Amino acid sequence: MPKVKVKRKSTFIDMTAMCDVTVLLLTFFMLTSTFIKKEPVQVSTPSSVSERKIPDVNILSVLIDPDGRIFMSMDRQEDIRNVLKKVGEDYKVDFTPEELKKFSLLPSFGLPVSATQKFLTLQQEQMDAVLTAEGGIPRDSTDNQFKHWITHARAVNPDFRIAIKADKSTPYEHIRGVMNDLRDLRENKYNLITSLKAGTSADAALGLDKSH
Amino acid sequence: MAEVNTDSGKDKGGKVKRKKQTLRVDFTPMVDMNMLLITFFMFCTSLSKPQTMEINMPSKDKVEEEQQNKAPASRTYTFILGTKDDVYYYNGELTTASYEDPNFLIRTSYGEEGIRQILLEKNTAVLRQVRDLKIKYENKEITLEDFEKQAAEARAEGAKITGSSPIVIIKPAVKSNYKNVIDVLDEMQICNIGTYQLMDLSDGDKYLMYQKTGDPIFETTLAPGAK
């Protein structure tokens, strides 16, 4: 009878395969995803069947929260600088080059022009808190700064597209206000940002079913 | 951590055994790092790019022009959005008779059984054209650009005075939520409606809505001429 050899088994697990999988996953995430922009208010967009994607560049997004407060963001820092300078001139506020630079680095903005200089002296965390708590570009009939922003933005960059991003529960009056302002400025073409509605497709109504 | 087996040729005086050399690299830290990176990407990025709906509003001076060549009233459908996720519609123009007819304003719903059904039935000619184009596109007979261009032409043709598709007027109340507005605009896209417009409620509309829903938001001091 041969001796039964007890093999010494090592507990070494080969991680190579695991590593392959994680690298693949990582590559997938890096290629398909886009970074979330920090926004002062959380907005959940309504869903639609529209499959058109929003372009990456030259977007001026107008964010409307359920209370009707307006925030804006532009994707080119150079544009933001020039626009702020011009809006400042309108309201007799002189921004120093440092202030302009600091402002252009913000992911989004939305404060009355008069409050902007003080805001720019704050620390980053305080800035976010202030913007969330008391932000909002004024859009009253007496002091419509929103119009100034749009006018100057258009002058600085004639190619940009306006994209309105509003919360599902925003009352229509706020949207209408913004739309009317845009109409006054002859900005008749703009985009409404939505998220993709799951399940339905525009083809269903045509009697074309993808599964067939 | 990485183990390299190098215990060969140690036997003194004996035969020099060539042991099989195994080179094993431990990948555990690499996996750890990758997992961390994946977690980071999952939290800080979004997979889906936001969709967008393009909208063309009539400019101020265009509105008057449009009123001049008004489409036949029989093809005009007015949708009034309420405040409690409700939607009502009427066909044609408001006349003195319509204020007395309790069935003039009809309640419907968002989605497939409501608005879509009403509009699909009325817009069959355009839908058939778009459908044919879509089949052509799927069979790769035409490009996506051509498909979109020709579909837009078909929609525009349907919306003309000689066309047959409905003209839709959307009138949200001031307190209607944005989701409902998008829902209706969405239906316009699904049903391939060539001409639709967002408008404000007129006094007549408010009067009708107040009679129907009793919602104080529609209360109007200006009673229409019929009353």
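Computed from a predicted structure; not experimentally measured.

How each quantity is defined
- Residues numbered from 1 in each chain as written.
- Chains lettered and ligands numbered in written order.
- Predicted model: local features only at pLDDT ≥ 70, side-chain atom pairs only at ≥ 80, totals over all residues.
- Helix = DSSP H or I, 4+ residues; strand = E, 2+ residues; numbered from the N terminus.
- Buried ≥ 20, exposed ≤ 12 C-beta atoms within 10 Å, placed from the backbone.
- Contact = placed C-beta atoms within 7 Å.
- Pairing = 2+ DSSP bridges.
- Axes fitted to C-alpha atoms, helices over the stretch in contact; angles between N-to-C directions.
- Nonpolar A, V, L, I, M, F, W, Y, C, P; charged D, E, K, R; others polar.
- Domains from an automatic or database assignment.
- Parallel < 35°, antiparallel > 145°, perpendicular 65-115°, else oblique.
- Core = buried A, V, L, I, M, F, W, Y, C linked by C-beta atoms within 7 Å.

A. Highlighting the overall build of chain B. Assigned secondary structure in chain B consists of eight helices and nine strands. Within chain B, the fraction of its 227 residues that count as buried is 30%. Across chain B, the fraction of contacts at a sequence separation of at least 24, relative to all contacts at a separation of at least 6, is 60%.

B. The arrangement of the sheet that holds strand β9 (residues 196-198) of chain B in detail. All names here are of chain B. The strand order β7-β6-β5-β8-β9 describes an open sheet built from five strands, whose pairing is mixed. The open sheet has two edge strands with one neighbour each: β7 (106-108) and β9. Sheet twist, expressed as the average angle between the axes of neighbouring strands with direction ignored, equals 25°. Sheet strands touched by helix α7 (residues 178-190): β5 (76-81), β8 (167-172) and β9. Its angle to β5, the strand with the most contacts, is close to 155°.

C. Seen up close, the environment of B:Asn192. All names here are of chain B. Following the sequence through the fold, asparagine 192 ends up in the loop between α7 and β9. C-beta crowding within 10 Å serves as the criterion here: with 24 such atoms nearby, asparagine 192 is assigned to the buried category. The spatial distance from the C-alpha of asparagine 192 to the C-alpha of threonine 22 is 68 Å, given a sequence separation of 170 residues.

D. Representation of the interface of chain A and chain B in the model. With 53 residues of chain A in contact, the opposing surface of chain B contributes 49 residues. At the level of elements, α1 (16-32), β1 (34-35), β5 (161-166), α7 (172-184) and β6 (189-196) of chain A are the ones that each hand at least two residues to the side of chain A that touches chain B. No other element matches α1(A), which puts ten residues into the side of chain A that touches chain B. Taken together, the residues of the side of chain A that touches chain B sort by class into 28 nonpolar, 15 polar and ten charged.

E. Main features of the domain arrangement of chain B. Residue and element names in this part refer to chain B. The assigned domain composition of chain B is domain 1 (70-123 + 165-227) and domain 2 (124-164). Distance between the C-alpha centres of domain 1 and domain 2: 27 Å. Across the contact, nine residues belong to domain 1 and eleven residues belong to domain 2. Here the residues of the side of domain 1 that touches domain 2 sort into three nonpolar, five polar and one charged.

F. Molecular detail of the pairing of strand β3 (residues 59-64) of chain A. All names here are of chain A. Taking burial as the measure, the six residues of β3 include five buried ones, the bulk of the element. With six bridges connecting them, β3 and β5 associate as parallel partners. The residue of β5 that forms the bridge with leucine 63 is lysine 165. Summarising the sheet, β3 and strand β4 (residues 70-74) pair through five bridges and their orientation is antiparallel. Residue pairing in the sheet places isoleucine 64 in a bridge with isoleucine 70 of β4. Between the end of β3 and the start of β4, which pair antiparallel, lie five residues, with glycine 68 showing a positive phi angle near 90°.

G. Expanded view of the environment of B:Thr95. Residue and element names in this part refer to chain B. Checked against the element boundaries, threonine 95 lands in the loop between β6 (87-91) and α3 (96-100). With 14 C-beta atoms packed within 10 Å, threonine 95 lands in the partly exposed category. C-alpha of threonine 95 to C-alpha of serine 176: the two residues are 81 residues apart in sequence and 25 Å apart in space.

H. Looking closely at the packing of helix α5 (residues 124-138) of chain B against helix α6 (residues 144-159) of chain B. Residues and elements named next belong to chain B. The N-to-C vectors of α5 and α6 enclose an angle of 175°; their axes lie 9 Å apart at closest approach. Here α6 runs roughly antiparallel to α5, going by the angle between their axes. The segment α5 lies against α6, with Ala125, Val126, Gln129, Val130, Leu133, Lys134 and Tyr137 engaging Leu144, Phe147, Gln150, Ala151, Ala154, Arg155 and Gly158. Residue composition of the contact of α5 with α6, grouped by class: nine nonpolar, three polar and two charged.

I. Highlighting the nonpolar core. Counting residues in each nonpolar core, the largest one holds 70 residues, and the members touching the most others are A:Ile164 and B:Phe79. For this core, the element with the highest residue contribution is α7(B), accounting for seven residues. Contact partners of B:Phe79, with chain neighbours within four places excluded, come to B:Val87, B:Tyr89, B:Ile115, B:Val168, B:Ile170, B:Lys171 and B:Val184. By size, the runner-up hydrophobic cluster in this structure holds five residues, among which are B:Val126, B:Leu127, B:Val130 and B:Leu133.

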